[in-house]
Amino acid sequence: MEKKSFDMKLFTPSQIVKELDKYIIGQTEAKRAVAIAIRNRWRRQQVKDFLREEIMPNNIILIGPTGVGKTEIARRLAKLSQAPFVKVEASKFTEVGYVGRDVESMVRDLIEVGVNLVKAEKAIEVQAKAEELADERVLDLLIPPVKKTKTAPVIQEGEEQPANGEENEAYQNQKTREWMKLKVKNGEMDEKMIEFDSQAQSSMGMQVLGPFGMDDMGINIQEIMGNIMPKKRKKRKTTVKEARQILAQEEMQKLIDMDVVQKEAIERVENSGMIFIDEIDKVAGGGKGQGPDVSREGVQRDLLPIVEGSNVNTKYGVVRTDHILFIASGAFHVSKPSDLIPELQGRFPIRVELNSLTEEDFVQILTTPQNALLKQYGALLETEGVKLSFSKDGIREIARIATEVNEQVENIGARRLHTILTTLLDEILFDVPDKIPSDTVKIDAKFVKDKLEKIVKDRDLSKFIL
């Protein structure tokens, strides 16, 4: 089972690698590098005095062909880590002045993730209280409270009912509320329809200054307008079950102190935030040519201050990027890491080359990971009552063909397995459940050869199909 919460104190680098091994085959060096980098974030937090500020993260560049696991390492790190994490593509950015995203927007995306993370944690803390308040609001709708001129006495258990008429009414109302509260909590009232006032979702949007929205300027227009204009309420009619959920969400928002959330999110982003910059090779190559090359070096120069450490204005406040960990990755087919500007190269001191995948790797990729492709297809066909069974020689044959096609046509790494399995299982996926009578479909080496050999041999055909 994948752990929901990831505590840096409990996970050593070797345990982080073990977690990544469940999904990514091989690439031990890359896993070791990111595991050490992540553990170092926690180690730095434990350092006392002025040295903590001086310890800078060692940014990493992952170099390797497409489909060998660079992005998958980032995805799994994001799931493992409680730290704010964002993945961006370097090719989406252009230097300031061109149409495109401003590089500072990656830090704004990161703080947004940080705020959502902290908010979700605070929501869990106040959930019980919010549900209690929501139930009280539902009870007010089901049994309107008695209007009283003076404070009604609280009747302790075992006490006799008061004789006074007004007090008696309050006593009866309290008893009825307690009885109704129990029914609401037990779900006996779930299907009853009630009408209530809820907060209307603001649909106000604003597009200003062409490609740069207000968010890119670090201004929260919605918050400004929300403070000026009164919050709209609208009448809704739903079941008690749904009303409890809606009202609990509203109460939760009121109970969460956003100032505390923002402060904590900024602190967390500055000290343990991670940004994964994919396709960094697409902005390498210098500004020697014409056309798009002009802006490539510009993007690198814009990236430089962010990676070096600077202050970025966001709608939640100023964020310092000095201690954010940057992991970059690229195939570097055309360009080389040395084509990046020297200053940027210096900011990525750790370089890890990922290996091309072998036939043995493909066999493991098909069978070992928790989300292995064969397990995925098996689960899909199981929904139709058909069991998909792959023999060992069948799996070996798929891996051999994947390696062969990667060598002959183009090396797209593990992604080749997707294309091969789609072609291999095409007829089965189409014929289930109409034409396939047996409950078990066995796929062995002969089946794989018969289906794929002809396509693999025909170079023109394999170029388009596999």
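In this text, all values refer to a predicted model and were calculated from it rather than measured experimentally.

**Some remarks on the overall build of the chain**
Helix and strand counts for the chain stand at 18 helices and eleven strands. Within the chain, buried positions represent 44% of all 466 residues. Taking contacts inside the chain between residues at least 6 apart in sequence as the whole, the part at least 24 apart equals 77%. When the accessible surface of the chain is split by element, carbon and sulfur atoms take 52% of a total near 25900 Å².

**Some words on a nonpolar patch on the surface**
Together, F50, L51 and I55 make up a nonpolar patch on the protein surface, roughly 300 Å² of accessible area in all. Of note, I55 is situated in the loop between helix 3 (51-54) and strand 1 (60-63). A residue is classified by how much of its surface remains accessible, and I55, at 33% relative accessible area, is partly exposed.

**A few points about the side chain of N59**
Mapped onto the fold, N59 is located in the loop between helix 3 and strand 1. The exposure class of N59 is buried, given its relative accessible area of 4%. If we skip the residues at most four places from it in the chain, N59 touches V307, I324, L325, F326, R347, F348, P349 and I350.

**Some points on unusual backbone geometry**
With an omega of 0 degrees, the peptide bond between V432 and P433 qualifies as cis. Of note, P433 is situated in the loop between helix 16 (426-431) and strand 11 (440-443).

**Side note on helix 14 (residues 392-408)**
The end-to-end C-alpha separation of helix 14 is 25 Å, in line with the 24 Å expected for 17 residues at 1.5 Å each. Taken as a whole, helix 14 has its buried residues at G394, I395, E397, I398, A399, I401, A402, T403, V405 and N406. As for helix 14, its buried residues are in contact with helix 12 (359-367), helix 13 (373-382), strand 10 (387-390), helix 15 (415-424), strand 11 and helix 17 (445-457).

**Examining the pattern of salt bridges**
In total, this model carries 31 salt bridges according to the counting rule given. Taking the shortest distance from any N to any O, the salt bridge between K92 and E89 comes out at 3.4 Å. A relative accessible area of 52% places K92 in the exposed class. R400 serves as the salt-bridge partner of E453, at 3.7 Å between the closest nitrogen and oxygen. Here R400 lies in helix 14 and E453 lies in helix 17, a separation of 53 residues in the sequence. Residue E453 is classed as partly exposed on the basis of its relative accessible area, which comes to 21%. Judged by its relative accessible area of 26%, R400 is partly exposed. Beyond isolated ion pairs, a larger network of salt bridges with shared partners links R44, E53, R320 and D322.

**What to know about the layout of surface pockets**
Here the second largest pocket is characterised by a volume of approximately 710 Å³. Taken together, 28 residues make up the lining of the second largest pocket; nearest its centre are G67, G69, E72, A414 and R415. Of all the secondary structure elements, the ones that give two or more residues to the lining of the second largest pocket are helix 4 (70-80), strand 8 (325-330), helix 13 and helix 15. With four residues, helix 4 is the largest single contributor of residues to the lining of the second largest pocket.

**Observations concerning the packing of helix 12 against helix 13**
Across the interface, helix 12 lies against helix 13 with an axial gap of 5 Å and an inter-helix angle of 35 degrees. Listed contacts from helix 13 to I365, L366 and T367 of helix 12 are L373, L374 and K375. Considering only residue class, the contact of helix 12 with helix 13 consists of four nonpolar, one polar and one charged.

The rules behind the values
Residues numbered from 1 in each chain as written. Predicted model: local features only at pLDDT ≥ 70, side-chain atom pairs only at ≥ 80, totals over all residues. Heavy atoms only, no water. Helix = DSSP H or I, 4+ residues; strand = E, 2+ residues; numbered from the N terminus. Buried < 20%, exposed > 50% of the residue type's maximum accessible area, 1.4 Å probe, protein only. Contact = heavy atoms within 4.5 Å. Areas by Shrake-Rupley, 256 points an atom, 1.4 Å probe, with all protein chains shown as cover. Patch = residues over 30% accessible without salt bridge, like charges linked within 9 Å, V, L, I, M, F, W, Y side chains within 5 Å. Salt bridge = Lys/Arg side-chain N within 4 Å of Asp/Glu carboxyl O. Expected span 1.5 Å × (residues − 1). 1 Å grid on protein atoms, 1.4 Å probe; cavity = no way out; pocket = protein on both sides within 12 Å on 5 of 7 lines; lining within 4 Å. Points joined across faces, edges and corners; volume = space filled by probe spheres on them. Axes fitted to C-alpha atoms, helices over the stretch in contact; angles between N-to-C directions. Nonpolar A, V, L, I, M, F, W, Y, C, P; charged D, E, K, R; others polar.

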